[in-house]
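Notes for the structure review
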Amino acid sequence: PHGQELWASSGINAEYGDYMMAAEEDVPCHLKRPLLPVSRRAHNYALIQQCDMTEEMKAETLEACVTAFDKFPNNNEHVARYLKDLMDKSYGSCWHVISGEGYGFDITHETRNLMYMFIGGNTAIVIWKCS
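Every value quoted in this text rests on a predicted model; they were computed, and no experiment measured them.

Topic: the pattern of salt bridges
- One pass over the full model with this rule turns up 2 salt bridges.
- One salt bridge connects Asp-85 with Arg-81, and the closest N-O pair in it is separated by 3.6 Å. Of the two residues, Asp-85 and Arg-81 both sit in helix α2 (residues 76-91), 4 residues apart, roughly one turn of that helix.
- Asp-85 sits in the partly exposed class, given a relative accessible area of 32%.
- Of the charged contacts, one joins Lys-84 and Asp-88 as a salt bridge, the two residues approaching to 2.5 Å between their closest N and O atoms.

Right, here's the structure in full:
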């Protein structure tokens, strides 16, 4: 129904079958979110576009992104600061974070230290390390 919040129970939005998402079994239960109104075509969980991190680092970074977005849903600056501080403490300094909508980027990063993802619809987060 248009304008109502829905809980997604599968990886594909039934109203927009051409808008493909990861299969439900690929998304841990604690990362699923309620969908925004159908008219916005939002996904209900973090959608990773590119990542070359180890599986352990990827899982921890994804969890941190979900936590940051839950804490500061309307403030991209606070999301970026929170994630940068957390990554600097966990994996050493020189981490960089961009959070927001409608931007492009071209970066140089250390191998095995990049994640590019969307969360909560149109908000993109890029996390990378370069010394």
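That shown, we press on.
A look at the sheet that holds strand β2 (residues 95-100)
- On the basis of which strands lie adjacent, the open sheet formed by 4 strands has the order β1-β3-β4-β2 and antiparallel pairing. Edge positions in the open sheet fall to β1 (47-51) and β2, since each of these has one partner strand only. Ignoring which end each strand starts from, the neighbouring axes of this sheet average 10° apart.
- Examined bridge by bridge, strand β3 (residues 114-119) and strand β4 (residues 123-129) share 6 bridges and lie antiparallel to one another. Each residue of the ladder has a partner; that of Met-117, found in β4, is Ile-125.
- Across the face of the sheet, helix α1 (residues 55-71) comes into contact with β1, β2, β3 and β4 while running at roughly 40° to β3.
- Along the sheet, α2 contacts β2 and β4; its crossing angle with β2, the most-contacted strand, is approximately 155°.

A word on unusual backbone geometry
- Of note in the backbone geometry, Cys-94 takes a positive phi value of approximately 80° without being a glycine.
- Here Cys-94 shows up in the loop between α2 and β2.
- Residue class for Cys-94 comes out partly exposed when judged on its relative accessible area of 31%.

Some words on the state of the cysteines
- Throughout the structure, instances matching the rule amount to 0 disulfides.
- Summary of cysteine pairing: Cys-65 is not part of a disulfide, and the nearest cysteine sulfur, belonging to Cys-51, is at 9.7 Å.
- In this structure Cys-65 comes out as buried when scored by relative accessible area, which is 0%.
- The structure places no disulfide on Cys-94, whose sulfur is separated from the nearest cysteine sulfur, that of Cys-130, by 6.9 Å.

Cut-offs used in this document
Residues numbered from 1 in each chain as written. Predicted model: local features only at pLDDT ≥ 70, side-chain atom pairs only at ≥ 80, totals over all residues. Heavy atoms only, no water. Salt bridge = Lys/Arg side-chain N within 4 Å of Asp/Glu carboxyl O. Helix = DSSP H or I, 4+ residues; strand = E, 2+ residues; numbered from the N terminus. Buried < 20%, exposed > 50% of the residue type's maximum accessible area, 1.4 Å probe, protein only. Pairing = 2+ DSSP bridges. Axes fitted to C-alpha atoms, helices over the stretch in contact; angles between N-to-C directions. Contact = heavy atoms within 4.5 Å. Disulfide = S-S within 2.5 Å.

Interpretation in functional terms is not warranted from these geometric data alone.
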